[in-house]
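Single-letter residue listing:
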Amino acid sequence: MKLPYAEPYRIKMVEPIFQSTIEQRKAWIKEADYNLFNLKSDQVYIDLLTDSGTGAMSDRQWAEIMLGDESYAGSRSFLKLDKAVKDITGYKYFIPTHQGRAAENVLFSATVKEGDIIPGNSHFDTTKGHIEFRKGKAVDCTIAEAFDTDLYHPFKGNIDLDKLKKVLSENPIEKIPFIIITVTCNTAGGQPVSMENIKAVSALCKSYNVPVYFDAARYAENCYFIKVREEAYKDVSIKDIAKEMFSYGDGMTMSSKKDGLVNMGGIIALNDEPTYRTAITFNIMYEGFITYGGMSGRDMGALAVGLYEALDYDYLASRVTQVQYLGEKMAEFGVPVQKPIGGHAVYLDANKFVPTIPKEEYRAQSLAIELYIVAGIRGVEIGTILADRDPETRENRYPELELVRLAIPRRTYTHNHMEYIAAALHEIYISRHEAKNGYNILWEAPIMRHFTVKLEKIQS
Ligand code: F0G
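Keep in mind it's a predicted model, so treat the numbers as computed, not measured.

1. Thoughts on the packing of aromatic side chains
Point 1. One pass over the structure, following the stated rule, counts 16 aromatic pairs.
Point 2. Taking the centre distance of 5.4 Å and the plane angle of 35° together, the rings of Phe108 and Phe178 count as tilted. Here Phe108 is found in helix H4 (residues 100–111), whereas its partner Phe178 is found in the loop between helix H6 (161–170) and strand E5 (179–182), with 70 residues between them in sequence. The two residues Phe108 and Phe178 agree in class, both being buried.
Point 3. Every member of this aromatic cluster is reached through a ring pair, and the members are Tyr91, Phe214, Tyr219 and Phe246.
Point 4. Lying across the ring of Tyr398, Lys359 places its NZ or CZ 4.4 Å from the centre.
Point 5. Over the aromatic face of Tyr429 sits the side chain of Arg432, whose NZ or CZ is 3.8 Å from the ring centroid.

Next comes the structure, spelled out in structure tokens:
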């Protein structure tokens, strides 16, 4: 008999969270200008805004906090982390940074120039931001299947080799400093990239002499999907899968707030010595000395432990199973979600959920607000508000997918919380036809508007 999955840990410390009434939430979200980022965390019951830096550390990680060595240079905590990063990635050089976008800032300062082109699989916002800030261009080469939420494909994060080949062959190669593979692909719905695809991308890039970097924020979850969905890897350990995956690239940046199982931290690891030498100068300018890069010693110690815990099969199985359980439960109720369910989040397809709201009135944001009002659950819009306006025409850009992301923090919420979330969405789904009006923008910033936008409800 196959027993059901259960968490491979028990809970030693609890943090109270607060329930509230619908009336209270209606008032709070209005006060927050209908922007979920403006809510106080105590006004939220289940917080699914992000899985970044919101997970629970283990007893062993907390023990490392007490052992932290806060020496400015050459601390024991740094040496522990340096050893772990090199052991797991196989790369020669390691640079610590305070979070993922800081790793991008440092590495791209050393590698990206005006007019450069960086192909990849749906670059994350900050990755794209750091490329565009340097007047480079991020070219999306994700497979077309990723944009059909109903279509099952085991590796929707894959790169389309024809699209990539076109970019490589039609541009001067000195304009392409590297390509970036994001594992798992957050923007495409937490979807994994197969080892087969990584291998093929790597071989193609080698033939053009273009380095391959990973955005490894959720690399352990990607390795888990390779193990369970790619036949050749079913008997390979997650750690060996990770080693092999990194061997097809030249380096990586990582937000360790995800698969590092810590609340703050970032990593650059790479093989090329000249790039490393240039990057460490930027690290000293932007982040801190090369043996701490914006992290305290205790945080580096906790990260060294977290990196290994995240490679544990039982941990990953329970993590991914929890997310899948939530997504599949919602799908059973008919709620339209991106399929298959991603590694760290369930994505609601707002175009299918609330087609009764005009798209000019921000369907995904309207749905996210409704979920907050009905159940105190905070998700995040990944749709038109996030997509910003066209820089030239200033018209709204309507992205192919209009989503609400419900990101599940690691080791934080229980099975009952998943039941509660699914039930809340079921209830909203049943009365979805009543949703007619969305929101107007009252004020927005010229770029990255979704963090600070102010909205008003359209009254019928
Ligand atoms: N790359 C990916 C794939 C990410 O998902 C993120 C952050 C970053 C880079 C940047 O890392 O936040 O440590 O600076 N994603 C968070 C999210 C914010 O909610 O998905 P960071």
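2. A look at the domain arrangement of the chain
Point 1. Along its sequence, the chain is carved into domain 1 (22–51 + 313–457) and domain 2 (59–309).
Point 2. Its C-alpha centre places domain 1 at a distance of 27 Å from the equivalent point of domain 2.
Point 3. Taken residue by residue, the interface counts 26 residues in domain 1 and 31 residues in domain 2.
Point 4. Summed over the shared surface of domain 1 and domain 2, the number is 7 salt bridges.
Point 5. The interface formed by domain 1 and domain 2 contains 20 residue pairs in polar contact (both at pLDDT 80 or more).
Point 6. Secondary structure elements with two or more residues in the side of domain 1 that touches domain 2: helix H12 (313–332), strand E9 (345–349) and strand E12 (403–407).
Point 7. Among the elements that line the side of domain 1 that touches domain 2, the one with the most residues is H12, at 7 residues.

3. What to know about the site of the ligand
Point 1. Around the ligand, the structure places 16 residues, and the nearest of them are Thr50, Arg101, Asp215, Ser255 and Lys258.
Point 2. One of the side-chain nitrogen or oxygen atoms of Asn186 is found 2.9 Å away from an oxygen atom of the ligand.
Point 3. A distance of 2.9 Å is found between an oxygen atom of the ligand and a side-chain nitrogen or oxygen belonging to Arg218.
Point 4. Out of a free accessible area of 470 Å², the ligand has 93% covered by protein chains.
Point 5. Sort the elements by how many residues they give to the shell around the ligand and H4 lands first, with 3 residues.
Point 6. Considering only residue class, the shell around the ligand consists of 1 nonpolar, 8 polar and 7 charged.

4. Some thoughts on the sheet that holds E12
Point 1. Here 3 strands make up an open sheet; going across it, the order is E9-E12-E11 and the pairing antiparallel. Two strands lie at the open edges of the sheet, namely E9 and strand E11 (380–382), each paired on one side alone. Within the sheet, the average angular offset between the axes of one strand and its neighbour, ignoring direction, is 30°.
Point 2. Examined bridge by bridge, E9 and E12 share 5 bridges and lie antiparallel to one another.

5. Describing the packing of helix H3 (residues 76–89) against helix H11 (residues 297–309)
Point 1. One way to put it is that H3 packs onto H11 with a least axis distance of 8 Å and a crossing angle of 25°. In this view, H3 runs roughly parallel relative to H11, as classed from their interaxial angle. The handedness of the crossing between H3 and H11 comes out as left-handed. In contact with Ser77, Phe78, Lys80, Leu81, Lys83, Ala84, Val85, Asp87 and Ile88 of H3, H11 contributes Gly297, Met300, Gly301, Leu303, Ala304, Leu307 and Tyr308.

Reading the values: rules and limits
- Residues numbered from 1 in each chain as written.
- Predicted model: local features only at pLDDT ≥ 70, side-chain atom pairs only at ≥ 80, totals over all residues.
- Heavy atoms only, no water.
- Phe/Tyr/Trp six-rings, centres within 6.5 Å; stacked < 30°, edge-to-face > 60°.
- Helix = DSSP H or I, 4+ residues; strand = E, 2+ residues; numbered from the N terminus.
- Buried < 20%, exposed > 50% of the residue type's maximum accessible area, 1.4 Å probe, protein only.
- Lys NZ or Arg CZ within 6 Å of the ring centre and 35° of its normal.
- Domains from an automatic or database assignment.
- Contact = heavy atoms within 4.5 Å.
- Salt bridge = Lys/Arg side-chain N within 4 Å of Asp/Glu carboxyl O.
- Polar contact = N/O pair within 3.5 Å; in protein donor to acceptor, adjacent residues only side chain to side chain.
- Near = heavy atom within 4 Å.
- Areas by Shrake-Rupley, 256 points an atom, 1.4 Å probe, with all protein chains shown as cover.
- Nonpolar A, V, L, I, M, F, W, Y, C, P; charged D, E, K, R; others polar.
- Pairing = 2+ DSSP bridges.
- Axes fitted to C-alpha atoms, helices over the stretch in contact; angles between N-to-C directions.
- Parallel < 35°, antiparallel > 145°, perpendicular 65-115°, else oblique.
- Left-handed = near helix turned anticlockwise from the far one by under 90°.

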